[in-house]
Amino acid sequence: MPDTKILLDESDIPTHWYNVVADMPNKPAPPLGPDGNPVGPDKMLAIFPMSLLEQEMSGERWLPIPEPVREAYTMWRPSPLVRAHRLEALLGTPAKIYYKYEGVSPAGSHKPNTAIPQAWYNQQAGIKRISTETGAGQWGSSMALAGRMFGLEVRVYMVNVSYQQKPFRRSMMHTWGAEVYASPTDMTQAGRDALAKDPNSPGSLGIAISEAVEEAASRADTNYALGSVLNHVCHHQTIIGLEAKKQFDKVGDYPDMVFAACGGGSNFAGAAFPFFADKAAGDKRAQNIRLVAVEPSSCPTLTKGVYTYDYGDASGYTPLMQMYTLGHDFVPPGIHAGGLRYHGDSPLVSQLLHEGLIEAVAVPQLATFEAGVQFAQAEGIIPAPESCHAIRACIDEALRCKATGEPKTLFFNLSGHGHFDMASYDKYFAGELEDYVYPEEAIHQALGHLPKFG
Ligand SMILES: *Cc1c(COP(=O)(O)O)cnc(C)c1O
């Protein structure tokens, strides 16, 4: 019986998150206001606690994980690293495939890794309520859980198309005591504007973020929480890669390539950045490592977007961030990987890609479900549609290894399970899912609305 699951003890949970900024060859471009000047933390204190803003701007390599957060992490961490022997056999590849399984969290994905500390830091700052957005419901349910753990009320603006497609994610949020609304709503100016443009709007993460930010900015007892994109979110997620490295050490292996699905970038950052740390530190094993962000071809931010300053939300409430973007008012097609429907990307991930230090690929919807089913039939776990993107890219590489005979070590982050996405799987089996053509015209139009500043 070969080693399959590589486990750690609770005492192995890392004591610090990793901040990639310390190892970037060029410091990150600062967020800008509409006047083209850098935005200081004072401007963002209306919606974030100082502790998180400090992390947002920190250049420190290691950020201590507060003990109450580490304790909360023990609810499901450390998560297993698994050697996918059965998938390897099914593919007939000489490659070794490992995956880290983040679906063991109560919410079923990697997102509680940052929801927990965000709730804790807000509670410490005396905040009573959190307003936030959610795409597929993964982030909303994670925030609902974290709010419950630290005594905060949570209101979630859920992208309309997901609200309709994923009713049980709603039920989960309700179970943990959060309020959930289909975005765009008529409760905010941003929502009313979006509905005026399109009364049947499927919604988008950009619109839902506008609604949540608007609410947080208008109430002193309420802060905003974002489930991806921002630097502090990327830092918190590095717990994934840091644990994975300890697990690889246990079996004396090390990846040649790392794959992770990329929506706003924090999942990729979490899995990949700790390996970037090794490379920066001169670790010989990491010198040729390839870090691959995998995105949907219908929302190809990293592979077809423009690297420039843009807003993080549809209405332009957020500061301008330098990132790959498809235009802040681009509304992506209603693919089933709702967590990957975002017009922009983490500025840290974007800059590393722009400087050629990481890679990105885009994959079409049907091929991701095909990979997800293949994975489930080999390894048992039914992956979230978002995670299927990483699996697709990893399987493609394993098949290339088969063709060339290269015994590479491949690692991907299995960011979540798909138990609340079975309606999407049903549609796939019924032949009702489509590969959206690249929405060239919509992207072209949205790129025509890029902000002018300075
Ligand atoms: C949200 C989500 C992603 C994408 O995460 P980002 O950090 O926004 O890139 C990937 N997989 C699952 C299961 C998710 O819920």
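Above this note sits the structure.
**Thoughts on helix H6 (residues 138-149)**
- In this model, H6 (12 residues) spans 17 Å end to end at C-alpha, consistent with the 16 Å of a helix rising 1.5 Å per residue.
- Taken across its 12 residues, H6 has 10 buried, putting it largely inside the fold.
- Buried residues of H6: Gln138, Trp139, Gly140, Ser141, Ser142, Met143, Ala144, Leu145, Ala146 and Gly147, and no others.
- Looking at the packing, one finds that the buried side of H6 touches helix H5 (112-124), strand S6 (129-134), strand S7 (153-159), helix H8 (167-175) and helix H17 (385-404).
- Backbone geometry just downstream of H6 places Gly151 in the positive-phi region, at approximately 75°.

**Notes on the nonpolar core**
- By size, the foremost hydrophobic cluster in this structure holds 72 residues, and its most contacted members are Tyr73, Met143, Phe268, Phe273, Phe275 and Leu291.
- Aside from chain neighbours lying at most four places away, what touches Phe275 is Gly241, Ala244, Lys245, Phe248, Tyr254, Pro255, Val258, Ala286, Ile289, Leu291 and Phe411.

**Things to note about the packing of aromatic side chains**
- The full count for this structure, using the stated rule, is 18 aromatic pairs.
- Their ring planes at 50° and their centres at 5.4 Å tell us that Tyr18 and Trp62 sit as a pair that is tilted. Of this pair, Tyr18 sits in strand S2 (residues 16-18) while Trp62 sits in strand S3 (residues 62-64), placing them 44 residues apart in sequence.
- Judged by its relative accessible area of 40%, Trp62 is partly exposed.
- With centroids separated by 5.6 Å and ring planes inclined at 20°, the aromatic side chains of Tyr99 and Phe412 adopt a geometry described as stacked. Of this pair, Tyr99 sits in strand S5 (residues 96-101) while Phe412 sits in strand S15 (residues 409-414), and the two are 313 residues apart along the sequence.
- Through a chain of ring-to-ring contacts, the aromatic side chains of Tyr98, Phe248, Tyr254, Phe275 and Phe411 assemble into a single cluster.

**Some words on the pattern of salt bridges**
- Inspection of the entire model under this criterion finds 21 salt bridges.
- Here Arg155 ties to Glu179 by a salt bridge, and the two come within 3.2 Å at their closest N and O atoms. Residue Arg155 is found in strand S7, and its partner Glu179 is found in strand S8 (residues 179-183); the two are separated by 24 residues along the sequence.
- For Arg155, a relative accessible area of 17% corresponds to the buried category.
- Its relative accessible area of 31% is what places Glu179 among the partly exposed residues.

Thresholds, definitions, all that
- Residues numbered from 1 in each chain as written.
- Predicted model: local features only at pLDDT ≥ 70, side-chain atom pairs only at ≥ 80, totals over all residues.
- Heavy atoms only, no water.
- Helix = DSSP H or I, 4+ residues; strand = E, 2+ residues; numbered from the N terminus.
- Expected span 1.5 Å × (residues − 1).
- Buried < 20%, exposed > 50% of the residue type's maximum accessible area, 1.4 Å probe, protein only.
- Contact = heavy atoms within 4.5 Å.
- Core = buried A, V, L, I, M, F, W, Y, C linked by side-chain atoms within 4.5 Å.
- Phe/Tyr/Trp six-rings, centres within 6.5 Å; stacked < 30°, edge-to-face > 60°.
- Salt bridge = Lys/Arg side-chain N within 4 Å of Asp/Glu carboxyl O.

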